[in-house]
Amino acid sequence: DVEAVRSAFQAARDKPNGGDYSLEHRVVTPAGETRWILANARVATDASGKAHLVVGTSLDITARRAAEERRALQMGELAHRAKNGIAVMMALVSQTARNHDSVEAFQEQLMARLQAMANSQDLVTASGGRPVSLADVLDKAVAPFGRSRFDLDDGLAQVTVRGEMAAGMGLLLHEMATNALKYGALSNRAGRVAVTLEAASPDRAAFAWREDGGPEVAASNAQGFGTRLMTQVL
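Here is a short report on the structure shown in this document.

Rules and cut-offs
- Residues numbered from 1 in each chain as written.
- Predicted model: local features only at pLDDT ≥ 70, side-chain atom pairs only at ≥ 80, totals over all residues.
- Heavy atoms only, no water.
- Helix = DSSP H or I, 4+ residues; strand = E, 2+ residues; numbered from the N terminus.
- Buried < 20%, exposed > 50% of the residue type's maximum accessible area, 1.4 Å probe, protein only.
- Contact = heavy atoms within 4.5 Å.
- Areas by Shrake-Rupley, 256 points an atom, 1.4 Å probe, with all protein chains shown as cover.
- Core = buried A, V, L, I, M, F, W, Y, C linked by side-chain atoms within 4.5 Å.
- Pairing = 2+ DSSP bridges.
- Axes fitted to C-alpha atoms, helices over the stretch in contact; angles between N-to-C directions.
- Phe/Tyr/Trp six-rings, centres within 6.5 Å; stacked < 30°, edge-to-face > 60°.
- Lys NZ or Arg CZ within 6 Å of the ring centre and 35° of its normal.
- Arc of directions from axis to C-beta.
- Polar contact = N/O pair within 3.5 Å; in protein donor to acceptor, adjacent residues only side chain to side chain.

## Thoughts on the overall build of the chain
Helix and strand content of the chain: six helices and eight strands. Ordered by position from the N terminus, the helices and strands of the chain form the series α-β-β-β-α-α-β-α-β-β-α-β-β-α. A buried classification covers 31% of the 234 residues belonging to the chain. The contacts of the chain with a sequence gap of at least 6 include a subset with a gap of at least 24, amounting to 53%. Carbon and sulfur atoms form 55% of the exposed surface of the chain, whose accessible area is close to 14900 Å².

Dropping the structure here:
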């Protein structure tokens, strides 16, 4: 930032009787490291008006600048997630409303879906945005349906989900459990759901959702919200 420093100095130098300048600029140390400096200086002039002395301070503010950059990045991330969250909620309201004729039924299912998102987001918040365990996401998603009806593979605890994906994964799992309650294994007292870790290539993870003991499943061409969610959101 040599030119910026030179311009600030010259502007102060050219003022009658000298002047002050203040700016933040970068320097490169002999070791090749870039540091940020806050310079505050006064240009003093002699009797003829020529600059003859510069007095000031140079403060290393590298740590402060790094913190400001991190804060700006976090604010941008927060705004991005908030925007995505609002878009998902708008879609939830729209899609849920299409499938219900009464306000009460609409409210019940919408609140359940929003709570599933909130529970998953709690995990992300607690982890500070870091990846979260798939087993934890599953536990949160299936808790309202009775954890005792689910057989969850212990190996799922070794699989992690990116923070920005956890809320969507929780919503997806909630939809699958809802379908099991309405049409599948959880619609009677005998059925159970098993979620097991499956073999996958080293750079991937896979799990299977299997229902047992439920009514016979008939093929359907209906494209409900749950189907669209599974095929599009994730």
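## Quick notes on the nonpolar core
Ranked by size, the top nonpolar core spans 25 residues in total, and within it Leu-138, Phe-150, Val-193 and Trp-209 carry the most contacts. Those elements that place two or more of their residues in this core are α4 (134-142), β5 (150-152), α5 (163-182) and β7 (192-198). Looking at this core, the element that brings in the most residues is α5, giving seven residues. Once residues lying within four places of it in the same chain are set aside, the contact partners of Leu-138 are Leu-152, Leu-156, Leu-173 and Val-195. Counting residues in hydrophobic clusters, the runner-up holds seven residues, among them Tyr-21, Leu-23, Ala-41 and Val-43.

## Points about the sheet that holds strand β8 (residues 206-212)
Strand order in the open sheet formed by three strands is β5-β7-β8, with mixed pairing between adjacent strands. Here the strands that pair on one side only, and so sit at the sheet edges, are β5 and β8. Direction aside, the axes of adjacent strands within the sheet are offset by 15° on average. Sitting on the sheet, α5 touches β5, β7 and β8, and the angle it makes with β8 is about 15°.

## Some thoughts on the side chain of His-25
Structurally, the position occupied by His-25 is in strand β1 (residues 20-28). For His-25, a relative accessible area of 11% puts it in the buried group. Setting aside its immediate chain neighbours within four residues, His-25 contacts Asp-1, Val-5, Arg-35, Trp-36, Ile-37 and Ala-39.

## Considerations on the packing of aromatic side chains
All told, the structure shown has one aromatic pair when counted by the stated rule. Aromatic side chains Phe-150 and Trp-209 sit 6.0 Å apart centroid to centroid with 70° between the ring planes, which places their arrangement in the edge-to-face category. One end of the pair, Phe-150, is in strand β5; the other, Trp-209, is in strand β8, and 59 residues separate them in sequence. Assigned by exposure class, Phe-150 and Trp-209 land together as buried. It is Arg-65 that lies over the ring of Trp-36; its NZ or CZ is 3.6 Å from the centre.

## So, α4
For α4, the full list of buried residues reads Leu-134, Ala-135, Val-137, Leu-138, Ala-141 and Val-142. Mapping the buried residues of α4 onto a view down its axis gives an arc of 160°, with all of them on the same face. Put simply, Ser-133 is the residue that caps the front of α4, since its side-chain oxygen is 3.2 Å from the backbone nitrogen of Ala-135.

## Some words on the pairing of β7
Two elements, β5 and β7, share three bridges in a ladder whose sense is parallel. Residue pairing across strands places Phe-150 opposite Val-193, the latter belonging to β7. Both β7 and β8 contribute to a ladder of seven bridges, which runs antiparallel. If you follow Leu-197 over to β8, its bridge partner there is Phe-207.

## Here's the deal with the environment of Ala-185
You can see Ala-185 is positioned in the loop between α5 and β7. Relative accessible area serves as the criterion here: at 1%, Ala-185 is assigned to the buried category. Note: C-alpha distance between Ala-185 and Glu-211 (26 residues apart in sequence) is 5.5 Å. Ala-185 has contacts with Arg-149, Ala-180, Gly-191, Arg-192, Val-193, Glu-211, Asp-212 and Gly-214, leaving out every residue within four places of it along the chain.

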